[in-house]
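Secondary and tertiary structure notes
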Amino acid sequence: MDQLSIIQPDDWHLHLRDDEALKTTVPAAARGFGRGIIMPNLTPPTTTVARAAAYRERILAQRPKNSNWQPLMVLYLTDNTSPDEIRAAKECGFIYGCKYYPAGATTNSDSGVTDLNKLHEVLETMQEVGMVLQLHGEVTSDDTDIFDREAVFIERHLRSLVQHYPRLNIIFEHITTQQAVDFVLSGGDNIAATITPQHLLYNRNHMLVGGIRPHLFCLPILKRDIHQQALIAAATSGNKKFFLGTDSAPHIQGRKESACGCAGCFSHHAAIELYAEVFDQAGALDKLEVFASKNGPDFYSLPYSSHSILLKREPWQLPMAVAFDNSQLIPLAAGTTLNWKLSL
Ligand code: DOR
Ligand code: ZN
(Lines give C-alpha, C1' and ligand atoms only; values in the text may rest on other atoms or scores of the structure.)
(Ligands and ions follow the chains in the order given, each with its own letter.)
Protein backbone atom coordinates (compact mmCIF):
# COMPACT_ATOMS: atom_id res chain seq x y z
CA MET A 1 0.00 0.00 0.00
CA ASP A 2 1.53 3.31 -1.06
CA GLN A 3 -1.35 5.67 -0.33
CA LEU A 4 -3.75 5.99 2.54
CA SER A 5 -6.82 8.20 2.54
CA ILE A 6 -8.50 8.76 5.91
CA ILE A 7 -11.18 11.02 7.34
CA GLN A 8 -9.49 14.25 8.40
CA PRO A 9 -8.10 13.67 11.90
CA ASP A 10 -8.39 15.93 14.95
CA ASP A 11 -5.88 16.59 17.71
CA TRP A 12 -7.56 16.13 21.09
CA HIS A 13 -4.74 17.70 23.16
CA LEU A 14 -2.33 20.44 22.14
CA HIS A 15 -0.60 23.60 23.35
CA LEU A 16 -0.51 26.76 21.23
CA ARG A 17 0.88 29.25 23.77
CA ASP A 18 -0.15 32.86 23.08
CA ASP A 19 0.49 36.17 21.28
CA GLU A 20 3.53 36.05 18.92
CA ALA A 21 3.83 32.24 19.26
CA LEU A 22 0.39 31.80 17.69
CA LYS A 23 1.81 32.89 14.32
CA THR A 24 3.73 29.60 14.23
CA THR A 25 1.62 27.28 16.32
CA VAL A 26 -1.82 27.91 14.81
CA PRO A 27 -0.88 27.15 11.16
CA ALA A 28 1.11 24.14 12.41
CA ALA A 29 -1.88 22.86 14.41
CA ALA A 30 -4.11 23.23 11.35
CA ARG A 31 -1.69 21.17 9.23
CA GLY A 32 -3.72 18.05 8.43
CA PHE A 33 -6.11 18.42 11.36
CA GLY A 34 -9.73 19.58 11.42
CA ARG A 35 -10.04 20.50 15.09
CA GLY A 36 -7.80 20.87 18.10
CA ILE A 37 -8.44 20.79 21.84
CA ILE A 38 -6.50 23.81 23.10
CA MET A 39 -4.83 23.38 26.47
CA PRO A 40 -5.37 26.32 28.85
CA ASN A 41 -2.00 26.46 30.69
CA LEU A 42 -1.15 30.05 29.77
CA THR A 43 0.18 32.70 32.15
CA PRO A 44 -2.29 33.64 33.49
CA PRO A 45 -4.23 30.42 32.86
CA THR A 46 -7.54 30.29 30.99
CA THR A 47 -9.69 29.97 34.10
CA THR A 48 -12.85 31.74 32.93
CA VAL A 49 -15.21 31.68 29.97
CA ALA A 50 -14.28 35.30 29.23
CA ARG A 51 -10.55 34.46 29.06
CA ALA A 52 -11.24 31.43 26.87
CA ALA A 53 -13.33 33.58 24.52
CA ALA A 54 -10.58 36.19 24.17
CA TYR A 55 -7.91 33.50 23.68
CA ARG A 56 -10.06 31.86 21.00
CA GLU A 57 -10.25 35.16 19.11
CA ARG A 58 -6.45 35.55 19.22
CA ILE A 59 -6.12 32.00 17.88
CA LEU A 60 -8.66 32.48 15.09
CA ALA A 61 -6.87 35.65 13.99
CA GLN A 62 -3.86 33.46 13.07
CA ARG A 63 -5.80 30.74 11.26
CA PRO A 64 -4.54 30.36 7.68
CA LYS A 65 -6.84 31.72 4.98
CA ASN A 66 -9.15 29.06 3.54
CA SER A 67 -8.65 26.84 6.60
CA ASN A 68 -11.68 25.44 8.41
CA TRP A 69 -9.64 24.26 11.38
CA GLN A 70 -11.49 24.83 14.65
CA PRO A 71 -9.99 25.53 18.09
CA LEU A 72 -12.00 23.75 20.79
CA MET A 73 -11.42 25.61 24.03
CA VAL A 74 -10.80 24.27 27.53
CA LEU A 75 -11.24 25.75 31.00
CA TYR A 76 -8.35 25.46 33.50
CA LEU A 77 -9.61 24.19 36.86
CA THR A 78 -8.30 25.76 40.07
CA ASP A 79 -9.22 25.39 43.74
CA ASN A 80 -11.52 28.39 43.19
CA THR A 81 -13.42 27.37 40.06
CA SER A 82 -17.13 27.78 40.71
CA PRO A 83 -20.01 25.55 39.57
CA ASP A 84 -21.49 28.65 37.88
CA GLU A 85 -18.38 28.96 35.70
CA ILE A 86 -18.86 25.33 34.63
CA ARG A 87 -22.48 26.02 33.68
CA ALA A 88 -21.44 29.12 31.76
CA ALA A 89 -18.73 27.10 30.00
CA LYS A 90 -21.26 24.50 28.95
CA GLU A 91 -23.66 27.14 27.67
CA CYS A 92 -21.13 29.23 25.73
CA GLY A 93 -20.85 26.63 22.97
CA PHE A 94 -17.07 26.86 22.39
CA ILE A 95 -15.70 25.14 25.51
CA TYR A 96 -15.41 21.36 25.26
CA GLY A 97 -13.73 20.34 28.48
CA CYS A 98 -12.16 21.32 31.78
CA LYS A 99 -8.54 20.51 32.51
CA TYR A 100 -7.32 19.24 35.84
CA TYR A 101 -3.64 19.93 36.50
CA PRO A 102 -2.37 18.86 39.91
CA ALA A 103 -0.67 22.02 41.20
CA GLY A 104 3.01 21.93 40.26
CA ALA A 105 2.78 18.88 37.98
CA THR A 106 4.05 20.52 34.79
CA THR A 107 4.50 23.71 32.73
CA ASN A 108 2.32 26.56 34.06
CA SER A 109 0.44 24.37 36.51
CA ASP A 110 1.12 26.49 39.60
CA SER A 111 -2.52 27.58 39.74
CA GLY A 112 -3.71 23.99 39.40
CA VAL A 113 -5.74 22.04 41.92
CA THR A 114 -4.11 21.36 45.29
CA ASP A 115 -6.68 18.81 46.46
CA LEU A 116 -9.29 16.99 44.37
CA ASN A 117 -11.66 17.08 47.35
CA LYS A 118 -11.93 20.84 46.87
CA LEU A 119 -13.57 20.24 43.49
CA HIS A 120 -16.56 18.27 44.72
CA GLU A 121 -19.28 20.69 43.59
CA VAL A 122 -17.46 21.48 40.37
CA LEU A 123 -17.17 17.80 39.45
CA GLU A 124 -20.82 17.20 40.37
CA THR A 125 -21.79 20.05 38.08
CA MET A 126 -19.59 18.76 35.25
CA GLN A 127 -21.20 15.36 35.57
CA GLU A 128 -24.67 16.92 35.59
CA VAL A 129 -24.19 19.17 32.54
CA GLY A 130 -22.09 16.67 30.57
CA MET A 131 -18.73 18.49 30.57
CA VAL A 132 -15.61 16.39 29.83
CA LEU A 133 -12.87 16.25 32.50
CA GLN A 134 -9.37 16.16 30.98
CA LEU A 135 -6.92 14.82 33.52
CA HIS A 136 -3.20 15.31 33.85
CA GLY A 137 -2.95 12.10 35.83
CA GLU A 138 0.15 12.36 37.97
CA VAL A 139 0.70 12.84 41.68
CA THR A 140 3.14 15.56 42.64
CA SER A 141 4.12 14.45 46.13
CA ASP A 142 7.86 14.63 46.82
CA ASP A 143 7.91 11.06 48.09
CA THR A 144 6.81 9.66 44.72
CA ASP A 145 9.43 8.79 42.12
CA ILE A 146 8.86 10.65 38.86
CA PHE A 147 8.55 7.37 36.94
CA ASP A 148 5.77 6.17 39.28
CA ARG A 149 3.65 9.33 39.36
CA GLU A 150 1.04 8.17 36.87
CA ALA A 151 0.60 4.69 38.35
CA VAL A 152 0.33 6.14 41.87
CA PHE A 153 -2.25 8.69 40.67
CA ILE A 154 -4.49 5.83 39.53
CA GLU A 155 -4.43 4.13 42.91
CA ARG A 156 -4.45 7.25 45.08
CA HIS A 157 -7.03 9.36 43.20
CA LEU A 158 -8.46 8.01 39.96
CA ARG A 159 -10.21 4.88 41.20
CA SER A 160 -12.15 6.81 43.84
CA LEU A 161 -12.83 9.70 41.44
CA VAL A 162 -14.51 7.32 39.00
CA GLN A 163 -16.49 5.73 41.83
CA HIS A 164 -17.70 9.10 43.14
CA TYR A 165 -18.70 10.42 39.72
CA PRO A 166 -19.74 7.33 37.75
CA ARG A 167 -21.31 9.33 34.89
CA LEU A 168 -18.53 11.90 34.49
CA ASN A 169 -16.77 11.70 31.10
CA ILE A 170 -13.06 11.48 31.88
CA ILE A 171 -10.10 11.57 29.52
CA PHE A 172 -6.89 10.30 31.02
CA GLU A 173 -4.60 12.55 28.98
CA HIS A 174 -1.27 11.52 27.44
CA ILE A 175 -1.11 8.13 29.12
CA THR A 176 2.33 6.59 29.49
CA THR A 177 2.01 3.26 31.33
CA GLN A 178 0.62 -0.25 31.10
CA GLN A 179 -1.27 0.55 34.32
CA ALA A 180 -3.06 3.46 32.63
CA VAL A 181 -3.97 1.30 29.63
CA ASP A 182 -5.36 -1.38 31.96
CA PHE A 183 -7.28 1.18 34.00
CA VAL A 184 -8.91 2.68 30.91
CA LEU A 185 -9.76 -0.75 29.52
CA SER A 186 -11.38 -1.79 32.79
CA GLY A 187 -13.56 1.34 32.95
CA GLY A 188 -16.92 2.13 31.41
CA ASP A 189 -17.58 3.95 28.16
CA ASN A 190 -17.14 7.26 30.02
CA ILE A 191 -13.39 6.63 30.48
CA ALA A 192 -10.97 7.18 27.57
CA ALA A 193 -7.36 8.22 26.96
CA THR A 194 -5.23 10.21 24.55
CA ILE A 195 -1.81 8.98 23.43
CA THR A 196 1.06 11.15 22.11
CA PRO A 197 3.48 10.33 19.28
CA GLN A 198 6.48 10.60 21.60
CA HIS A 199 5.16 7.97 23.99
CA LEU A 200 4.50 5.64 21.05
CA LEU A 201 7.86 6.20 19.35
CA TYR A 202 10.20 6.30 22.33
CA ASN A 203 10.95 4.96 25.78
CA ARG A 204 13.26 6.32 28.47
CA ASN A 205 16.31 4.62 26.98
CA HIS A 206 15.93 6.78 23.89
CA MET A 207 16.04 9.82 26.17
CA LEU A 208 18.91 8.77 28.43
CA VAL A 209 21.22 6.11 26.91
CA GLY A 210 24.39 7.47 25.30
CA GLY A 211 23.66 11.03 26.42
CA ILE A 212 20.71 13.06 27.67
CA ARG A 213 18.29 14.21 24.96
CA PRO A 214 16.36 17.17 26.35
CA HIS A 215 14.03 17.33 23.35
CA LEU A 216 12.51 14.00 24.44
CA PHE A 217 11.82 15.30 27.94
CA CYS A 218 8.09 15.72 28.49
CA LEU A 219 5.60 15.11 31.28
CA PRO A 220 4.49 12.53 32.08
CA ILE A 221 8.06 11.37 31.46
CA LEU A 222 8.86 8.57 28.99
CA LYS A 223 8.73 5.20 30.73
CA ARG A 224 10.40 1.84 30.08
CA ASP A 225 10.01 -0.26 26.95
CA ILE A 226 7.21 -2.50 28.28
CA HIS A 227 5.03 0.59 28.74
CA GLN A 228 5.80 1.84 25.24
CA GLN A 229 4.75 -1.55 23.90
CA ALA A 230 1.49 -1.43 25.91
CA LEU A 231 0.70 2.01 24.45
CA ILE A 232 1.40 0.85 20.89
CA ALA A 233 -0.89 -2.16 21.42
CA ALA A 234 -3.66 0.09 22.80
CA ALA A 235 -3.41 2.74 20.08
CA THR A 236 -3.32 0.23 17.21
CA SER A 237 -6.03 -2.03 18.65
CA GLY A 238 -8.89 -0.01 17.19
CA ASN A 239 -10.49 0.15 20.66
CA LYS A 240 -12.74 3.23 20.86
CA LYS A 241 -11.26 4.27 24.22
CA PHE A 242 -7.95 5.42 22.75
CA PHE A 243 -7.45 8.39 20.47
CA LEU A 244 -4.99 10.92 19.11
CA GLY A 245 -3.73 13.75 21.29
CA THR A 246 -0.27 15.00 20.37
CA ASP A 247 0.42 17.14 23.44
CA SER A 248 2.49 19.18 21.00
CA ALA A 249 4.07 21.70 23.39
CA PRO A 250 6.60 24.17 21.99
CA HIS A 251 9.52 25.53 24.01
CA ILE A 252 12.37 27.46 22.40
CA GLN A 253 15.62 25.55 21.99
CA GLY A 254 17.42 27.43 24.76
CA ARG A 255 14.73 26.61 27.33
CA LYS A 256 15.08 22.89 26.56
CA GLU A 257 18.88 22.73 26.24
CA SER A 258 19.42 24.10 29.71
CA ALA A 259 20.61 23.10 33.18
CA CYS A 260 16.90 22.92 34.08
CA GLY A 261 15.16 22.21 30.81
CA CYS A 262 11.41 22.57 30.18
CA ALA A 263 9.10 19.60 29.59
CA GLY A 264 7.37 19.32 26.24
CA CYS A 265 7.81 18.00 22.69
CA PHE A 266 6.70 19.90 19.59
CA SER A 267 5.23 17.53 17.00
CA HIS A 268 2.96 19.60 14.76
CA HIS A 269 5.58 19.75 11.99
CA ALA A 270 4.73 16.12 11.18
CA ALA A 271 2.12 14.91 13.65
CA ILE A 272 -0.06 12.62 11.56
CA GLU A 273 3.00 11.21 9.78
CA LEU A 274 4.68 10.34 13.12
CA TYR A 275 1.58 8.38 14.11
CA ALA A 276 1.43 6.76 10.65
CA GLU A 277 5.00 5.55 11.16
CA VAL A 278 4.03 3.84 14.43
CA PHE A 279 0.94 2.22 12.93
CA ASP A 280 2.91 1.06 9.86
CA GLN A 281 5.63 -0.50 12.01
CA ALA A 282 2.93 -2.30 14.00
CA GLY A 283 1.30 -3.57 10.79
CA ALA A 284 -1.86 -1.66 11.71
CA LEU A 285 -2.23 1.16 9.18
CA ASP A 286 -5.85 0.04 8.76
CA LYS A 287 -6.46 1.19 12.37
CA LEU A 288 -5.01 4.70 11.95
CA GLU A 289 -8.30 6.25 10.87
CA VAL A 290 -10.32 5.01 13.83
CA PHE A 291 -7.62 6.21 16.28
CA ALA A 292 -7.01 9.57 14.59
CA SER A 293 -10.39 10.52 13.17
CA LYS A 294 -13.28 8.61 14.77
CA ASN A 295 -12.72 7.68 18.42
CA GLY A 296 -12.18 11.28 19.56
CA PRO A 297 -15.32 12.73 17.94
CA ASP A 298 -17.32 9.76 19.24
CA PHE A 299 -16.15 10.39 22.79
CA TYR A 300 -16.89 14.13 22.58
CA SER A 301 -20.23 13.45 20.78
CA LEU A 302 -19.10 15.47 17.76
CA PRO A 303 -19.46 14.57 14.06
CA TYR A 304 -16.57 13.17 12.04
CA SER A 305 -14.92 15.57 9.64
CA SER A 306 -16.50 15.72 6.21
CA HIS A 307 -13.01 16.14 4.69
CA SER A 308 -10.32 13.56 4.13
CA ILE A 309 -6.53 13.63 3.98
CA LEU A 310 -4.12 11.66 1.83
CA LEU A 311 -0.91 10.12 3.14
CA LYS A 312 1.69 8.90 0.63
CA ARG A 313 4.54 6.49 1.16
CA GLU A 314 7.28 8.93 0.27
CA PRO A 315 10.47 9.15 2.37
CA TRP A 316 11.19 12.69 3.60
CA GLN A 317 13.51 14.23 6.11
CA LEU A 318 12.10 16.15 9.05
CA PRO A 319 13.50 19.65 9.62
CA MET A 320 16.29 20.09 12.17
CA ALA A 321 14.62 23.21 13.57
CA VAL A 322 11.44 25.25 13.29
CA ALA A 323 11.28 29.05 13.62
CA PHE A 324 9.31 29.97 16.73
CA ASP A 325 8.66 33.11 18.80
CA ASN A 326 11.65 35.12 17.48
CA SER A 327 13.85 32.10 18.07
CA GLN A 328 13.65 28.42 17.11
CA LEU A 329 12.61 25.09 18.53
CA ILE A 330 13.83 21.57 17.86
CA PRO A 331 10.87 19.45 16.77
CA LEU A 332 10.23 15.82 17.65
CA ALA A 333 12.41 13.38 15.66
CA ALA A 334 14.28 16.33 14.09
CA GLY A 335 16.38 15.34 11.09
CA THR A 336 15.09 11.76 10.89
CA THR A 337 13.49 10.28 7.80
CA LEU A 338 9.82 9.29 7.80
CA ASN A 339 8.25 6.99 5.23
CA TRP A 340 4.81 8.60 5.17
CA LYS A 341 4.05 12.13 4.10
CA LEU A 342 0.89 14.17 4.19
CA SER A 343 -0.12 15.25 0.70
CA LEU A 344 -1.00 18.96 1.01
O1 DOR B 1 5.57 17.86 28.58
C2 DOR B 1 4.62 18.60 28.81
N3 DOR B 1 4.57 19.87 28.36
N4 DOR B 1 3.63 18.14 29.59
C5 DOR B 1 2.63 18.92 30.01
O6 DOR B 1 1.80 18.44 30.72
C7 DOR B 1 2.61 20.36 29.66
C8 DOR B 1 3.38 20.64 28.45
C9 DOR B 1 3.67 22.11 28.23
O10 DOR B 1 2.76 22.91 28.38
O11 DOR B 1 4.81 22.45 27.89
ZN1 ZN C 1 -0.42 18.83 27.49
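Below is a summary of the structure that appears in this document.

In this structure, H13 (NE2), H15 (NE2) and D247 (OD) serve as the protein donors to the zinc ion (ligand 2), at separations of 2.0 to 2.1 Å. Coordination of the zinc ion (ligand 2) draws on donor residues from a single chain, spaced H-x1-H-x231-D in sequence. Of the two residues examined, H13 and H15, each falls in the buried class.

Of all hydrophobic cores here, the largest spans 91 residues; its most connected members are L16, L77, M126 and L133. A per-element tally of this core places helix 11 (residues 271-281) first, with seven residues. Those residues in contact with L77 that lie beyond four places of it in its chain are I86, C98, K99, Y100, S111, G112, V113, L119, V122, M126 and L133. In this structure, I37, M39, V132 and A192 belong to the second largest nonpolar core, which totals 14 residues.

In this section: the side chain of K256. In this fold, K256 is placed in helix 10 (residues 253-256). The side chain of K256 sits in the buried core without any salt bridge; E257 is the nearest counter-charge, 9.3 Å away. There is a polar contact of 3.0 Å between the side chain of K256 and the backbone oxygen of C262. Apart from the residues lying within four places of it in its own chain, the contact partners of K256 are P214, H215, F217, H251, G261, C262, A263 and G264.

Let us look at the sheet that holds strand 4 (residues 70-76). In space, the eight strands of this open sheet follow the order 2-3-4-5-6-7-8-9, with parallel pairing throughout. Strands with a single pairing partner mark the edges of an open sheet, and in this sheet they are strand 2 (11-14) and strand 9 (242-244). Going from strand to strand, the sheet's axes swing by 30 degrees on average, the running direction of each strand aside. Relative to strand 3 (residues 35-38), strand 2 is paired through two bridges, and the arrangement is parallel. Bridge pairing in strand 3 links D11 to G36.

Below, the discussion takes up the packing of aromatic side chains. Two measures describe an aromatic ring pair: the distance that separates the ring centres and the angle between the ring planes. By the definition in use, this model includes eight aromatic pairs. For the pair W12 and Y300, a centre-to-centre distance of 4.7 Å together with 15 degrees between the ring planes defines the contact as stacked. Within this pair, whereas W12 is found in strand 2, its partner Y300 is found in the loop between helix 12 (288-299) and strand 10 (308-317), the two being separated by 288 residues in sequence. Here W12 matches Y300 in class, with each residue buried. With 5.6 Å between their ring centres and 55 degrees between their planes, Y275 and F291 make a pair best called tilted.

In this section: the pattern of salt bridges. Within this structure, the stated rule accounts for twelve salt bridges. For the salt bridge of D18 with R58, the shortest nitrogen-to-oxygen distance reads 2.8 Å. In this pair, D18 sits in the loop between strand 2 and helix 1 (22-29) while R58 sits in helix 2 (residues 49-60), placing the two residues 40 residues apart along the sequence. As a salt-bridge pair, K287 and D286 come within 3.7 Å of each other at their nearest N and O atoms. Ionic contacts of the salt-bridge type, sharing partners, join the residues D2, D280 and R313 into one network.

Let's shift gears to helix 6 (residues 178-186). If you check which residues of helix 6 are buried, you get A180, V181, F183 and V184. Along the long axis of helix 6, the arc covered by the buried residues comes to 165 degrees, so they all point the same way. Elements that come into contact with the buried residues of helix 6 comprise helix 5 (149-164), strand 7 (170-172), strand 8 (191-195), helix 9 (225-235) and strand 9.

Where helix 11 contacts helix 12, the two axes come as close as 9 Å, and the packing angle between them is 140 degrees. On the basis of the axis angle, helix 11 is oblique to helix 12. Residues I272, Y275, A276 and F279 of helix 11 form the contact with helix 12, whose participating residues are L288, F291 and A292. Each residue belonging to the contact of helix 11 with helix 12 can be placed in one class, and the counts come to seven nonpolar, no polar and no charged.

Parameters and conventions
Residues numbered from 1 in each chain as written. Chains lettered and ligands numbered in written order. Predicted model: local features only at pLDDT ≥ 70, side-chain atom pairs only at ≥ 80, totals over all residues. Heavy atoms only, no water. Donors = N, O, S within 2.8 Å, 3.2 Å for Na, K, Ca; no water. Buried < 20%, exposed > 50% of the residue type's maximum accessible area, 1.4 Å probe, protein only. Core = buried A, V, L, I, M, F, W, Y, C linked by side-chain atoms within 4.5 Å. Helix = DSSP H or I, 4+ residues; strand = E, 2+ residues; numbered from the N terminus. Contact = heavy atoms within 4.5 Å. Lys, Arg positive; Asp, Glu negative; His and termini not counted. Salt bridge = Lys/Arg side-chain N within 4 Å of Asp/Glu carboxyl O. Polar contact = N/O pair within 3.5 Å; in protein donor to acceptor, adjacent residues only side chain to side chain. Pairing = 2+ DSSP bridges. Axes fitted to C-alpha atoms, helices over the stretch in contact; angles between N-to-C directions. Phe/Tyr/Trp six-rings, centres within 6.5 Å; stacked < 30°, edge-to-face > 60°. Arc of directions from axis to C-beta. Parallel < 35°, antiparallel > 145°, perpendicular 65-115°, else oblique. Nonpolar A, V, L, I, M, F, W, Y, C, P; charged D, E, K, R; others polar.

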